[in-house]
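Residue-level listing of the chains:
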Amino acid sequence: MRRLPPLRALEAFIRVARLGSSKAAAAELALSAPALSRRIKSLEDHIGKPLFERRNQAMILNEDGQTLLDAVAPAIETIGEAVDQMTVSGGDLRLRLGVLPLFGATRLLPRLPELRQLFPKLHIDVDTSSHAENMLGDVIDAAIIIADHVDPNLYSVKLDSNKVYAIASTELTEGPNAIRSPEDLKHHNILVHSDMTRAFEQWKDAVGLPDLEPASVDHLNSGPLMLEAAAQGLGVAIMHGGHFSDANDPRLARLFDHDVDSPYSYWFVCRKRDKKNRAVRIFHDWVIKAGL
């Protein structure tokens, strides 16, 4: 048999290629940065040529790397699917699901008992990493993501439409220095999700203040942290109204009555080939029917 490179090296290569970052790939694989680099180097030594262009923290596939990815990724996925099928026992089904923490805590978990009652043999492993769509076929089978658009190469279903709210501590709605109009935000810090920066721009346009410049802007990559920061008086969060409603936190208040459509929605996504997977199909159909 022809000598093959280590499977772990190929796994590391695919992960770095899809994420475009050695740091992100190391985190996903629970490896140190040096350990990941050693795996990539062992593969490049085996191939006899570099596979990436290294640009600071970014690693961009070169032509040889893209050729290798196109050739080996489908084979690795087929191996993974074969192993999954062999490890299913006793009629149990297992779904590896990517979901953001806020959606998982407020919308998914409270409804999961309904799914468990319908399909007691379906077990769900949850991964709360961001950008779960980049891990489809590697460590997850399907995901619920929030995005303004979805890669057309994926199967996707839009789950909702959202409104953008300005959310603040109730203390900022009282007293002589209370926030009373959108113009007042020029004196305040604004909290924006780092993956949804368009939300603030769309909100400003909708309220008729496209040139509004707040005192400062902080970016956070977590919805729960944004809500907690707003509750602690650290700024005004510009985020989805559904998060405010789901949190039901008496420390928080919605500012203003402007009805602003969000450019971002929640989507169910999976690879088109994985739509045939029974666990994926069961969860997909339930999500749609349950109106999650």
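Residues numbered from 1 in each chain as written. Predicted model: local features only at pLDDT ≥ 70, side-chain atom pairs only at ≥ 80, totals over all residues. Heavy atoms only, no water.

Novice: Please clarify how the pairing of strand S12 (residues 265-271) should be interpreted in this entry.
Specialist: The side chains of a regular strand alternate, residue by residue, between the two faces of the sheet. Of all seven residues in S12, seven are buried; the element is thus mostly enclosed. As paired elements, strand S6 (residues 154-158) and S12 share five bridges and run antiparallel to each other. Bridging across to S12, Ser-156 finds its partner in Val-269. (Buried < 20%, exposed > 50% of the residue type's maximum accessible area, 1.4 Å probe, protein only. Helix = DSSP H or I, 4+ residues; strand = E, 2+ residues; numbered from the N terminus. Pairing = 2+ DSSP bridges.)

Novice: Sorry, what's going on with the sheet that holds strand S5 (residues 142-147) here?
Specialist: Backbone hydrogen bonds are what pair the strands of a sheet, in a parallel or an antiparallel way. One open sheet accounts for five strands, arranged S4-S3-S5-S12-S6; its pairing is mixed. The open sheet has two free edges, formed respectively by strand S4 (122-127) and S6, since each of these has just one partner strand. Averaged over all pairs of adjacent strands, the angle between their axes in this sheet comes to 25 degrees, without regard to strand direction. Where S5 meets S12, six bridges bridge the pair, whose relative direction is antiparallel. The residue bridging Ala-147 from the neighbouring strand is Ser-265, located in S12. In the packing of helix H5 (residues 101-108) onto the sheet, the strands contacted are strand S3 (93-99), S5 and S12, and the crossing angle to S3 comes to about 120 degrees. (Axes fitted to C-alpha atoms, helices over the stretch in contact; angles between N-to-C directions. Contact = heavy atoms within 4.5 Å.)

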